[in-house]
Amino acid sequence: MLNFTRTAVLFATALALVLLIQDSAAAQQRLPNPVLAFIGQEQVEAGGKQLIRYKYDVANKAKYPNELFAPSPNLPPCGTNTKSARTWIDVYDQRGRRLNGFCAITRSADLDKLWFDLAPDMVPPSWVYIEMTDRETDTKYKSNLAETTP
């Protein structure tokens, strides 16, 4: 009788652990894709050059836990930044050409500070999107296409 009770307790504990792990994985998968929204543009100077900065916000940024942006020294660095974020964000034009990248965003609230720059004489792409890559789980979240004009 004691062996049966011990086996039943071990089985119940193992089952609870499996369900907890599955629930945690399912919770991560339930994160929505980012909803990218154009905020505006402004003239900036960088490296002695005049540029037009196109600014974006992730409208549903509150849906992303701050843990996604925690410093991750256990993952490959971003240049010399050895404590870059767990999740990196890349901005692409509608054809998939990378326009900018962010590897040091530290909290989801800062997803309203995404941008890319172009020279004033360049025609901007009609549409852009972002990909957020969770480097710890190798999960990508791709946004909608957002305009580059108001």
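Residues numbered from 1 in each chain as written. Predicted model: local features only at pLDDT ≥ 70, side-chain atom pairs only at ≥ 80, totals over all residues. Heavy atoms only, no water.

The subject of this paragraph is the overall build of the chain. For the chain, the helix and strand inventory stands at 1 helix and 8 strands. In the chain, which comprises 150 residues, the proportion classed as buried is 35%. Long-range contacts, defined here as pairs at least 24 residues apart, represent 54% of the contacts in the chain between residues at least 6 apart. Element-wise, carbon and sulfur atoms account for 58% of the exposed surface of the chain, whose accessible area totals about 9500 Å². (Helix = DSSP H or I, 4+ residues; strand = E, 2+ residues; numbered from the N terminus. Buried < 20%, exposed > 50% of the residue type's maximum accessible area, 1.4 Å probe, protein only. Contact = heavy atoms within 4.5 Å. Areas by Shrake-Rupley, 256 points an atom, 1.4 Å probe, with all protein chains shown as cover.)

This paragraph deals with the packing of aromatic side chains. Tallying each qualifying case throughout the model produces 6 aromatic pairs. The interplanar angle of 75 degrees and the centroid separation of 6.0 Å between the aromatic rings of Tyr64 and Tyr141 together place this pair among those described as edge-to-face. Taken together, the positions of Tyr64 in the loop between β2 (49–58) and β3 (87–93) and Tyr141 in strand β7 (residues 139–142) put the pair 77 residues apart, joining distant regions of the chain. For the pair Tyr64 and Tyr141, one class covers both residues: buried. Counting every residue linked through ring pairs, the aromatic cluster contains Phe38, Tyr54, Tyr56 and Phe116. Cation over ring: Arg53 sits above Trp115, and NZ or CZ is 3.7 Å from the ring centre. (Phe/Tyr/Trp six-rings, centres within 6.5 Å; stacked < 30°, edge-to-face > 60°. Lys NZ or Arg CZ within 6 Å of the ring centre and 35° of its normal.)

What follows covers the environment of Gln94. Assignment of secondary structure puts Gln94 in the loop between β3 and β4 (98–102). For Gln94, a relative accessible area of 32% puts it in the partly exposed group. Considering only alpha carbons, one finds Gln94 and Pro125, 31 residues apart in sequence, at a separation of 7.1 Å. Contacts of Gln94, omitting those with residues within four sequence positions, involve Pro125, Ser126, Trp127 and Leu145.

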